[in-house]
Amino acid sequence: MRPIPIIFVIMVVVVGSPGEGQTPDLESTRKSEPTSFTDSGQNLGDSRTFALAAGDVDGNGSVDLFVSNYQGPSKVWTNDGHGVFTDSGQSIGTYSSHGVALGDLDNDGDLDAFLVFNGNTDRVFLNDGSGRYTDSGQRLGQANGHGLSVTLGDLDSDGDLDALVNRIDQSNRIWFNDGDGRLSASGQNLGGAESRGMAVADLDSDHDLDIYLANSGMVDQVWLNDGRGSFHNSGQALGTTDGWGSPALGDLDGDGDADVFVTNSTHGNSVWLNDGGGSFSPFVRYFGQGLHVALGDLENDGDLDAFTVTQLSGSFVFVNDGNGIFNTVGPLLGSEEGSISLALGDVDRDRDLDVFIGKIEGFGGNRLYLCTTPRVTVRNPSGRVRPLP
């Protein structure tokens with residue numbers, strides 16, 4: 001079994017004064033420009049898209065799109081490398097798909113798909129390397145299960161990708177991978193019956209993946225990993241007991257650990273900061289709106305911003321000041337009613353993040369918006385300007 005490669009991308013901006021006798025090499029300058037996106041004019045399907053996953057599925061170096069549809073089979077849209085997408089012609093699975101995650105499940109170097117269904121068993125579709133998917137034949141979970149979403153990660157620290165499945169009205173379930181894409185139930189049932197979103201990251205700095213659960217009908221929870229894929233509730237009671245929450249984990253305040261941005265459809269969004277040991281404290285409570293959220297550097301200044309969608313009020317960007325304080329930009333894409341999912345990726349290879357929006361049927365179809373935010377620049381003494389990497 002080949003180990004899964006891990007790639008770290010680090011952006012460093014050095015600002016300061018040179019020491020005595022030193023000659024400055026660079027003078028950093030940040031351009032404070034409004035975050036902006038432009039509709040690409042493409043319709044990427046119209047079939048109640050509860051989930052989107054972006055990644056290079058056909059191995060040509062560009063970001064493609066896997067669309068999880070509820071009222072029809074799932075679809076794969078391939079990118080020509082310039083942000084123009086074509087339906088690959090595949091009909092994957094049946095109706096009622098509610099969630100999807102991409103990852104190399106069978107360790108052959110391409111992106112496979114784990115699909116979660118509402119009212120059917122979950123399934124794994126294996127990629128042949130060219131973006132063509134084949135049902136692995138596995139039927140995971142119950143035939144009358146109510147899956148909501150799925151997250152992939154190496155939960156048992158054995159070098160392959162496992163699956164954490166979020167289920168409605170049932171406790172959440174972990175599936176362990178044998179390294180060849182065959183999954184088996186771990187026997188664990190995490191959380192209660194009202195989880196509405198989840199995310200994984202190393203929350204307590206012990207080099208394994210922990211779980212943040214966003215709940216409705218009960219407070220949010222943090223589940224810590226023992227390093228072998230056995231999880232225990234940390235006992236923290238975070239957030240409120242009502243609302244439809246969606247968490248995203250990332251270093252929001254620049255101190256090197258994973259914090260959480262949580263949307264809540266009733267009270268608004270919140271930011272909780274991590275102390276590095278997996279204990280969270282409230283930082284900013286109840287601002288803006290959001291149904292689902294994705295984190296990324298949307299203004300190209302080296303910190304994580306938040307993009308949220310709402311079903312009724314449009315899409316919003318929350319710009320981070322680098323310390324975890326977010327300022328609202330939006331509604332960003334007009335009214336954008338019917339938006340229920342999103343994914344970020346650099347689809348046109350211009351080194352910024354574009355956004356896919358998934359919609360309920362009848363609201364204009366799924367859309368791709370291209371980022372037009374100017375890049376942060378660095379100026380050297382000669383006066384030449386170059387973009388940050």
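Residues numbered from 1 in each chain as written. Predicted model: local features only at pLDDT ≥ 70, side-chain atom pairs only at ≥ 80, totals over all residues. Heavy atoms only, no water.

S.K.: Can you help me understand the environment of Ser136 in this one?
M.R.: Along the chain, Ser136 falls in the loop between strand E10 (133-135) and strand E11 (147-153). Those residues in contact with Ser136 that lie beyond four places of it in its chain are Val124, Leu126 and Arg182. (Helix = DSSP H or I, 4+ residues; strand = E, 2+ residues; numbered from the N terminus. Contact = heavy atoms within 4.5 Å.)

S.K.: Where do I start with the environment of Asn300 in this structure?
M.R.: In this fold, Asn300 is placed in the loop between strand E23 (292-296) and strand E24 (305-310). For Asn300, a relative accessible area of 7% translates into the label buried. Placed 265 residues apart in sequence, Asn300 and Thr35 show a C-alpha to C-alpha distance of 9.5 Å. (Buried < 20%, exposed > 50% of the residue type's maximum accessible area, 1.4 Å probe, protein only.)

S.K.: Sorry, what's going on with the sheet that holds strand E20 (residues 259-264) here?
M.R.: Within a sheet, each strand pairs with its neighbour through backbone hydrogen bonds, oriented either parallel or antiparallel. Ordered by their spatial adjacency, 4 strands build an open sheet running E19-E20-E21-E22, and the pairing between neighbours is antiparallel. Looking at strand neighbours, the two that pair on one side only are strand E19 (245-250) and strand E22 (280-287), the edges of this open sheet. Taken pair by pair, the neighbouring strands of this sheet meet at an average axis angle of 20 degrees, ignoring direction. Pairing geometry for E19 and E20, over 6 bridges, is antiparallel. Its bridge partner lying in E20, Ser246 is registered against Thr263. (Pairing = 2+ DSSP bridges. Axes fitted to C-alpha atoms, helices over the stretch in contact; angles between N-to-C directions.)

S.K.: Whenever I open this one, the packing of aromatic side chains confuses me. Can you help?
M.R.: Describing an aromatic ring pair means giving the distance of the ring centres and the angle of the ring planes. A full pass over the atoms with the stated rule returns 11 aromatic pairs. The interplanar angle of 75 degrees and the centroid separation of 6.0 Å between the aromatic rings of Tyr212 and Phe280 together place this pair among those described as edge-to-face. A residue pair is termed long-range when its members are at least 10 positions apart, and Tyr212 in strand E16 (residues 210-215) and Phe280 in strand E22 qualify at 68 residues. Accessibility expressed as a relative area gives 8% for Phe280, which makes it buried. Within the aromatic cluster, the residues linked to one another by ring pairs are Phe261, Phe287, Phe316, Phe318 and Phe326. Geometry around Phe117 places Arg123 over its ring, the cationic atom sitting 5.6 Å from the centre. (Phe/Tyr/Trp six-rings, centres within 6.5 Å; stacked < 30°, edge-to-face > 60°. Lys NZ or Arg CZ within 6 Å of the ring centre and 35° of its normal.)

S.K.: Can you help me understand the pairing of strand E27 (residues 339-345) in this one?
M.R.: Note on strand geometry: in a regular strand, side chains alternate between the two faces of the sheet. In terms of residue burial, E27 counts as a mostly covered element, since 7 of its 7 residues are buried. Sheet topology note: the E27/strand E28 (residues 354-359) ladder contains 6 bridges and is antiparallel. Residue pairing in the sheet places Leu342 in a bridge with Ile357 of E28.

Limitation: the analysis is restricted to geometry and does not speak to function.
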